[in-house]
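An overview of the molecular structure
For reference, the chains in residue letters:
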Amino acid sequence: MDMTESNPSAEPGSALAELRDDPSSRKRFLRMAGTGVAGSLAVMLAACGSDKSTSSSTTNTGSPPATSTPSASADASGDLKILNYALTLEYLEADFYQQVIDSGIVKDKMVAELAKSFGDAEQAHVDALTKTIQSLGGTPAVKPKTKFQPVLDKGLKTVLETAATVENLGAAAYLGQAPKIKNKEILAAALSIHTVEARHAAGLNMLVGRGFKGKSALEGSIPDGPFGSPMQMDAVLAAVKPYIA
């Protein structure tokens with residue numbers, strides 16, 4: 001199958017397009033991405049306050065060169081919209097796990113520890129995205145009021161299935177926005193968060209016995225095909241609408 005049918009193409013002027021076309025950008029991005037989400041966000045936040053890149057005659061220290069602050073540009077406006085969209089989803093996920101923990105519905109120690117771990121990760125995403133938006137001169141999205149009580153009332157099975165659904169949505173949401181992100185540091189951080197969402201989804205898929213194409217529950221953690229399926233903003237927001245008061 002043609003890869004272009006499975007993967008969204010990079011928009012002109014986007015970070016993915018630059019990475020595709022410029023080998024030096026790819027090398028720098030891979031150095032940033034290799035530091036993981038914490039390191040990528042640290043690089044991103046530091047870069048937001050730096051001056052424009054130095055000339056090619058500058059001595060190479062082995063660190064990624066500084067980038068210009070994008071806050072006043074149209075590119076930054078688009079990236080801020082994506083960041084606030086991601087923040088809204090992370091608010092929902094963090095609040096969901098907190099409500100699950102507070103409800104006491106989870107009795108199994110392993111599952112309870114899993115919920116706590118996942119919730120801590122989602123809250124870390126909230127904190128990092130909030131600081132990033134502020135560093136770019138933007139205003140973080142307001143935390144939405146949620147309505148997860150109907151889910152909790154249906155019992156643990158529904159809670160776990162909802163968690164799997166939300167995590168799968170999160171992974172698909174980040175993948176859907178990646179080709180539109182203009183700033184490479186933001187792209188590196190977004191992909192670092194995306195991989196965590198995908199790993200959460202894989203674990204929950206297996207936990208709830210969600211296989212694919214007739215496969216066993218154990219194989220629910222295995223991707224259904226060689227490429228992830230992105231979801232666009234409108235579709236994701238419609239899917240999470242039932243959870244927003």
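Residues numbered from 1 in each chain as written. Predicted model: local features only at pLDDT ≥ 70, side-chain atom pairs only at ≥ 80, totals over all residues. Heavy atoms only, no water.

**Notes on the overall build of the protein**
- Helices and strands together make up the secondary structure of the protein, namely ten helices and zero strands.
- Helices and strands appear in the protein in the N-to-C order α-α-α-α-α-α-α-α-α-α.
- By residue count, 42% of the 245 residues in the protein fall in the buried class.
- Long-range pairs, those at least 24 residues apart, make up 77% of the contacts in the protein with a sequence separation of at least 6.
- For the protein, the exposed area adds up to about 12,700 Å²; of that, 57% sits on carbon and sulfur atoms. (Helix = DSSP H or I, 4+ residues; strand = E, 2+ residues; numbered from the N terminus. Buried < 20%, exposed > 50% of the residue type's maximum accessible area, 1.4 Å probe, protein only. Contact = heavy atoms within 4.5 Å. Areas by Shrake-Rupley, 256 points an atom, 1.4 Å probe, with all protein chains shown as cover.)

**Focus: the packing of aromatic side chains**
- All chains considered together, the criterion is met by four aromatic pairs.
- Plain terms: the ring middles of phenylalanine 148 and tyrosine 243 are 5.3 Å apart, the flat faces sit at 25° to each other, and that makes the pair stacked. Linking phenylalanine 148 in the loop between α6 (109-135) and α7 (149-153) with tyrosine 243 in the segment after α10 (233-240), this pair joins segments that are 95 residues apart in sequence. The same class applies to phenylalanine 148 and to tyrosine 243, which are both buried.
- Chaining the aromatic ring pairs together yields one cluster made of Phe96, Tyr97, Phe118, Phe148 and Tyr243. (Phe/Tyr/Trp six-rings, centres within 6.5 Å; stacked < 30°, edge-to-face > 60°.)

**Quick word on α10**
- Of all the residues in α10, the buried ones are Met233, Val236 and Val240. End-on view of α10: buried residues confined to an arc of 70°, all on one side of the axis. (Arc of directions from axis to C-beta.)

**Topic: the environment of aspartate 79**
- When you line up the elements, aspartate 79 lands in helix α5 (residues 74-103).
- For the pair aspartate 79 and isoleucine 133, spaced 54 residues apart in sequence, the C-alpha to C-alpha distance is 9.1 Å.
- A distance of 3.0 Å separates a polar atom in the side chain of aspartate 79 from the backbone nitrogen of asparagine 183. (Polar contact = N/O pair within 3.5 Å; in protein donor to acceptor, adjacent residues only side chain to side chain.)

**Section: the packing of helix α8 (residues 156-177) against helix α9 (residues 184-207)**
- Contact geometry for α8 and α9: axes closest at 8 Å, N-to-C directions at 150°. Compared by their axis directions, α8 and α9 come out roughly antiparallel. Of the two possible hands of crossing, α8 and α9 adopt the one that is left-handed. Contacts from Leu160, Ala163, Ala164, Glu167, Asn168, Gly170, Ala171, Tyr174 and Leu175 of α8 reach α9 at Ala190, Ile193, His194, Glu197, Ala198, His200, Ala201, Leu204, Asn205 and Leu207.
- Here the contact of α8 with α9 is composed, by residue class, of twelve nonpolar, five polar and two charged. (Axes fitted to C-alpha atoms, helices over the stretch in contact; angles between N-to-C directions. Parallel < 35°, antiparallel > 145°, perpendicular 65-115°, else oblique. Left-handed = near helix turned anticlockwise from the far one by under 90°. Nonpolar A, V, L, I, M, F, W, Y, C, P; charged D, E, K, R; others polar.)

**Quick word on α6**
- In this model α6 runs 39 Å from its N-terminal to its C-terminal C-alpha over 27 residues, within 8% of the 39 Å that 1.5 Å per residue would give.
- Note on α6: the residue one or two positions beyond its end, glycine 137, has a positive phi of about 85°. (Expected span 1.5 Å × (residues − 1).)

**Let's talk about the pattern of salt bridges**
- A complete count under the given rule lists two salt bridges for this structure.
- A salt bridge links lysine 116 to aspartate 120; the nearest nitrogen and oxygen atoms lie 2.8 Å apart. You can see lysine 116 and its partner aspartate 120 sitting in helix α6, four residues apart, about one turn around the helix.
- For the salt bridge of glutamate 161 with lysine 157, the shortest nitrogen-to-oxygen distance reads 2.6 Å. Here glutamate 161 pairs with lysine 157, and both are found in helix α8, just four residues apart, close to one helical turn.
- Taking the relative accessible area as the measure of exposure, glutamate 161 reaches 28% and is therefore partly exposed.
- Using a relative accessible area of 59% as the deciding quantity, one classes lysine 157 as exposed. (Salt bridge = Lys/Arg side-chain N within 4 Å of Asp/Glu carboxyl O.)

**Thoughts on the packing of α6 against α9**
- Viewed as axis vectors pointing N to C, α6 and α9 meet at an angle of 160°, and their least axial separation amounts to 12 Å. Classed by the angle they form, the pair α6 and α9 counts as roughly antiparallel. Judged by the sense of rotation from one axis to the other, the crossing of α6 with α9 is left-handed. The residues of α9 that touch α6, namely those facing Met110, Val111, Leu114, Phe118, Ala121, Glu122, His125 and Leu129, are Ile193, Val196, Glu197, His200, Leu204 and Leu207.
- Considering only residue class, the contact of α6 with α9 consists of ten nonpolar, two polar and two charged.

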